Each structure stands twice: as structure tokens, then as C-alpha cells.
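Results of the structural survey
Each chain, written out:
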Amino acid sequence: MNARSHAVFPRVNRAGWTDTLRVIMTIVAPTVAKGIIIRRPTIEHLAERQDWNAKAVKQMQRLKKKYGPAPLLLPIPFRPQLLLLDPADVSTVLQSSPEPFAAATPEKHAALAHFEPKNLLVSSASQRAQLRPAHEQALATADRLHPYSAHFKGVIDAEFLQLLGDIRSNRSGELDWPAFSQAWFRVVRRLVLGERARNDIKLTETLNDLRGRANWASAAPVDRRELALFHQQVGRYLSEPDKHSLVSRLPKGGEIAPESQVAQWLFAFDAAGITVIRTLAMLACHVSYWGKAVEEAMSGDLDRPFTRSCLLEVLRLWPTTPVILRQLTEDIKCGGRIIPRGTGVIILAPFFHRDPEFLYANRMDPSIWGPNDALPAAGLVPFSAGPVICPAHNLVPTVASLAVGAFLSAADVVLLQPSLAVDNLPGTLDHFAIRLRLAARRREK
Ligand code: HEM
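Residues numbered from 1 in each chain as written. Predicted model: local features only at pLDDT ≥ 70, side-chain atom pairs only at ≥ 80, totals over all residues. Heavy atoms only, no water.

In the nomenclature of an unreviewed UniProt entry, the protein corresponds to Cytochrome P450 from the organism Rhizobium sophoriradicis. For the record of the protein, the UniProt heading Subcellular location (unreviewed entry) holds the text "Endoplasmic reticulum membrane". (UniProt positions renumbered as here; feature names shortened; annotations may be inferred.)

What follows covers the sheet that holds strand β11 (residues 435-440). Reading across the sheet, the three strands line up as β5-β11-β10 and stay open at both edges, with antiparallel pairing between neighbours. Of all strands in the sheet, those bounded by a partner on one side alone are β5 (174-176) and β10 (411-417). In this sheet, neighbouring strand axes are inclined to one another by 30° on average, regardless of whether the strands run parallel or antiparallel. Two strands pair when backbone bridges link them, and β10 and β11 are joined in this way by six bridges, in the antiparallel orientation. When the sheet's bridge partners are listed, Q417 is paired in β11 with R435. On the sheet, helix α11 (residues 258-284) packs against β5, β10 and β11 and is oriented at approximately 95° with respect to β10. (Pairing = 2+ DSSP bridges. Helix = DSSP H or I, 4+ residues; strand = E, 2+ residues; numbered from the N terminus. Axes fitted to C-alpha atoms, helices over the stretch in contact; angles between N-to-C directions. Contact = heavy atoms within 4.5 Å.)

Per the stated rule, a full pass over the model turns up 17 salt bridges. Between D303 and R144 there is a salt bridge, with the nearest N and O atoms lying 2.9 Å from each other. With D303 in the loop between α12 (287-299) and α13 (305-317) and R144 in the loop between α6 (125-139) and α7 (149-169), this residue pair connects regions lying 159 residues apart in the sequence. For D303, a relative accessible area of 27% puts it in the partly exposed group. A residue is classified by how much of its surface remains accessible, and R144, at 33% relative accessible area, is partly exposed. A network of salt bridges, in which partner residues are shared, links E159, R186, R190, E195 and R198. (Salt bridge = Lys/Arg side-chain N within 4 Å of Asp/Glu carboxyl O. Buried < 20%, exposed > 50% of the residue type's maximum accessible area, 1.4 Å probe, protein only.)

With that out of the way, let us pick up the site of the ligand. Around the ligand sit 26 residues, and of these R128, R132, R326, S384 and C390 come closest. Separating an oxygen atom of the ligand from a side-chain N or O atom of R128 is a distance of 2.7 Å. Within the contact set of the ligand, an oxygen atom lies 2.5 Å away from a side-chain nitrogen or oxygen of R326. Elements that contribute at least two residues to the shell around the ligand include exactly α6, α11 and β6 (323-328). Of the residues belonging to the shell around the ligand, the class tally is 17 nonpolar, six polar and three charged. (Near = heavy atom within 4 Å. Polar contact = N/O pair within 3.5 Å; in protein donor to acceptor, adjacent residues only side chain to side chain. Nonpolar A, V, L, I, M, F, W, Y, C, P; charged D, E, K, R; others polar.)

Here M282 lies in helix α11. Remark: the alpha-carbon pair of M282 and L425, spanning 143 residues in sequence, is separated by 10.0 Å. Apart from the residues within four sequence positions on either side, M282 is in contact with V314, L317, W318, M364, L420 and L425.

A separate point is the coordination of the iron atom of the ligand. Within the protein, a single donor atom binds the iron atom of the ligand, namely C390 (SG) at 2.3 Å. On the secondary structure map, C390 appears in the loop between α14 (349-353) and α15 (395-408). (Donors = N, O, S within 2.8 Å, 3.2 Å for Na, K, Ca; no water.)

We now examine the sheet that holds β6. Read from one edge to the other, the open sheet built from six strands follows the order β1-β2-β3-β9-β6-β4, with strand pairing classed as mixed. Whereas interior strands pair on both sides, the edge strands pair on one side only; in this sheet they are β1 (13-14) and β4 (101-102). Here β4 pairs with β6 via two bridges, running antiparallel. Bridge pairing links A102 to Q327 in β6.

Attention shifts here to the nonpolar core. One finds F160, W184, V192, V262, L266 and L436 to be the most contacted residues of the largest nonpolar core, which totals 99 residues. For this core, the element with the most residues is α11, which contributes 14 residues. Filtering out sequence-adjacent residues up to four positions away, V262 remains in contact with V192, L193, V234, L238, V247 and L250. Counting 36 residues, the second-largest nonpolar core is a separate cluster that includes Y67, L72, L82 and V93. (Core = buried A, V, L, I, M, F, W, Y, C linked by side-chain atoms within 4.5 Å.)

Below, the discussion takes up the packing of helix α9 (residues 201-214) against α11. At a closest axis distance of 11 Å, the pairing of α9 and α11 adopts a crossing angle of 85°. One element, α9, and the other, α11, form an angle in the roughly perpendicular class. In contact with L203, L207 and R211 of α9, α11 contributes A263, L266, F267 and D270. Residue composition of the contact of α9 with α11, by class: five nonpolar, no polar and two charged. (Parallel < 35°, antiparallel > 145°, perpendicular 65-115°, else oblique.)

On to the pairing of β6, then. Of the pairings in the sheet, the one linking β6 to strand β9 (residues 344-348) comprises five bridges and is antiparallel in character. Bridge pairing in β9 places V323 opposite L348.

Summarising the element assignment, D19 is placed in helix α1 (residues 17-34). Setting aside its immediate chain neighbours within four residues, D19 contacts R62, L63, K66 and Y67.

Taking 1.5 Å as the rise per residue, helix α10 (residues 224-239) with 16 residues should run 22 Å; its terminal C-alpha atoms sit 22 Å apart, in good agreement. Along α10, the residues that are buried comprise E226, L227, F230, H231, Q233, V234, G235, Y237 and L238. In this structure, the buried side of α10 is in contact with α8 (177-193), α9 and α11. (Expected span 1.5 Å × (residues − 1).)

Let's shift gears to the state of the cysteines. By definition, a disulfide links the sulfur atoms of two cysteines through a covalent bond. Applying the stated criterion across every chain yields a total of zero disulfides. The thiol of C285 is unpaired, and the distance to the nearest cysteine sulfur, on C310, comes to 12 Å. (Disulfide = S-S within 2.5 Å.)

For the rest of this paragraph, the subject is unusual backbone geometry. In this chain, S97 is followed by P98 through a cis amide linkage whose omega measures 5°. Residues E99 and P100 are joined by a peptide bond in cis, for which omega reads 0°. Its location among the elements puts P100 in the loop between α4 (87-95) and β4. At D51, a position not held by glycine, the phi torsion is positive, near 45°. Residue placement: D51 occurs in the loop between α2 (41-49) and α3 (52-67). In this structure D51 comes out as partly exposed when scored by relative accessible area, which is 25%. Of note in this structure, A217 is not a glycine but carries a positive phi near 50°. Take A217: it is sitting in the loop between α9 and α10.

Right, dumping it as C-alpha cells:
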């Protein structure tokens, strides 16, 4: 057999059938049930009530104690998987992507076929060589501040000031996910597609429909008619892109299937919105963090390091990409074993992010991030790490910190629901159920 001569992992352990079944029942099934591509509100609610994530983390700890920290081979028929249990292996796998650890897996193909069949995430090595730079150019991956950040701030402030006005006039003064997300997706359409897309709710609805089907992966047939309609809707904004839209920064020409690339941006900004409302909820119950974030918001600066760290903390506590998947592109040798090409790799982020060895495991501590947005050696990878890291890992914290700031500079925020114990935060925070009271901000002397 043509296996790699050097060992990527010094050893691999093999799980018994009962433990494999337990992983499927307590880790894989709940993650899939919550909705991989679009969250299902009823299941998210159930997951919060029954604290599924905390249970999954406990299960992983048990496996690590029983088998040791080496990757654990789950002998699932036709789809064997290596479950990572040691942060050092997380770092190795992410650094060694996309070869020999490819990002494109059959699970992703099955889900993304419904709305972005030619996306970077499921591309071959040769397609990736062209697509990854296109994303990096448009999203300004290497720049802490995207060149359009000042424009982003204008859009974000305008949309959220209008939302704040609406909230104040409807007496309740309450902000919840339905109200927030409407304004958020206006922001997203303006930033991604340009001003003309502001009120194109139909486009977001079509995408959400397709995402609903994508949750079922290959268990649902692809709706070709709706997919074509969605790509046509996106295409309208690609032909003559608005000046400060992200689509205007895509390279012209080449075979990049832009509709499939842009679909990922529109989809992934949902996770950024979820992070914004959770961060507002967390700041509302952490007075000292609140004060620092307000100071940054009032300064008007585009770069807000402290608020960025708070957002990263929220992503550590409740990662919006709970599982990072890989697949071996070649056989590898591990101790006495050969792990065959095609074996999957599972990185369950909450397990590493909430390691009970960390004093801060279940608390919010923005200081742990320093200037970083990934700490792979500790297994803290909300945006992943290495060559396949989310190409929006700088853009998202910028846009999200401006969004948090738009609220903080104008209003005092009280968390009405849920009630949170700040020194023992829950494993799941259902964003659909968050309710905040916003009151006009009292200006200090
Ligand atoms: C809270 C918000 C977000 C989080 C936490 C996040 C996180 C991630 C993670 C963990 C991956 C997988 C990387 C891997 O497999 O190693 C990823 C991939 C990706 N993300 Fe994001 N993301 C977010 C928002 C966005 C946004 C808004 C965009 C675009 C505007 C975006 C574009 C992408 C793309 C294109 C990929 C595929 C990268 C590749 O395969 O090379 N993400 N993201």
C-alpha cells in the first residue's frame, strides 16, 4: 500500500462499536438535527433546554479518558471517521489542509449541492487554486480592516438607527431575533450585493428555502428550478456591480462560478448576525466589558480590538461552525496502522473550546484572544486556522463589531431573556429566544 512514510499522527486508537454508536447518537445526530445549514428554531430550543452541547462535550471527555488523546477511529461502515481529541492534532490537521486533509467531503457536497454546488468549500485542488484567491481578494482576507470598512459603517449605522427608532416607537422597546434579523439581512444584502439589493427580501427567502433543503443533504432531491432562480437573482447584481459592494471586488473572467461563491457569503453572514445578537446579550450581563465596548463604540474608530475579542469569545462559547470536517486524500501510516484515503476527520469545536482544564471554559474572558483570532495550539478555532481558514476571518469581526457598536453608542441594553449565570454559561444559547430591552443611552458628563 502506498502510505505516507512519515506519520501525521504517531498513533490512532480504534473505538468499540458501542462507543461509536454513542458518538453518533449524542454528537452527530444532535448537530445534524439542529440544522447544519440553517438552524431549526424548535430543535435549537430543545437543544438549549436539554443542554445537548454540554452533554456532547462530556461524552467526548469520557472517550478521551477511556482511549487516550490520540485520534479515535470510529469504524462507521462505508464512512470511517477519525475523531480528534487532542488540540495538537487540531493544529496539525488544519495546517496540513487541503493536502492531505481535504476540506471537500461527501457530507459538504451533499448539503451544498442544494444552493452552491460549485463553491470553494467543495472544490477540487485545481479549482481551489483559482477560487481561494478570488475569495481572498474580495473579502480582503489578509487585511485586518477591509478597504470598504468606512462604507460598511455608514450602512450599518443607518440600518440600526432606523431599527432603534422603530423599537422606541413601538412602546415595548424590545429587540428580538425576528426584528434584528430583518435589519441585519438588509445590511448583508447592501454590503454583499450593493444598494440595489437592500429590499430584495425575495432573494433572502429563496436562499433560506434552499438552505432548508440543504439541511437534509442527500435525503432531499436538489430543487433545480429554485436553484436556477436563486442564481439568476444573484446574477442580476453581478453584471453591473455597485461600487462598494463585495461582489465588485471579485476578479473578472475565469471560471469562478460567482453565484456559487456569493451564495456562501450570503449564507455565512447569518452566523455573523447570530454572533452580534449573542454578543449584545453577553455584554448586557458583563458590566465591565460593557463599559469598554461602549468606549470603543463612542470613539468612532473603525478598528475595535476589545469588541472583536468579545465577539471571538461568543464564538468560542457558542461556535457557529460546531464541526470542522476533513477527508484524507491519501493513505497515512499511524503507528502500526494504515488509515486509508477517504477516511473523514471530525473536529468538534465545542469540545476544545470548553475544555474544563481552562479556568475560563464556561465564562466570558475576552483577554484570552490577545491580538489573535485563532489559537489552534489550544484548539480554539472559531474561524478555523491554516490555509483553509475562513477567508472572512477579518471581515466578520469588523462588520460585527461595527454592528454591536451601532447599538452600544445609541442605547442601554438589558437582557430580558434568557437568564444567564455568567460564571457557568450554558452549552447552548438559543439566539431565536434572546430578548433585549433597549433604552435611549444616558450620556455621561
Ligand atoms: C460568524 C461568522 C463566521 C464564522 C464563525 C465562520 C467560520 C468558518 C469556518 C470554521 C470555516 C471552515 C474552514 C475550514 O474548513 O477549515 C469557514 C469557511 C468559509 N467561510 Fe466563513 N465564517 C463566518 C462567516 C463568513 C462570511 C460572512 C463569509 C463571506 C463573506 C465567509 C466565507 C467563508 C468561505 C468562502 C469559506 C470556505 C473557505 C475554504 O474552503 O477555503 N464566512 N468559515
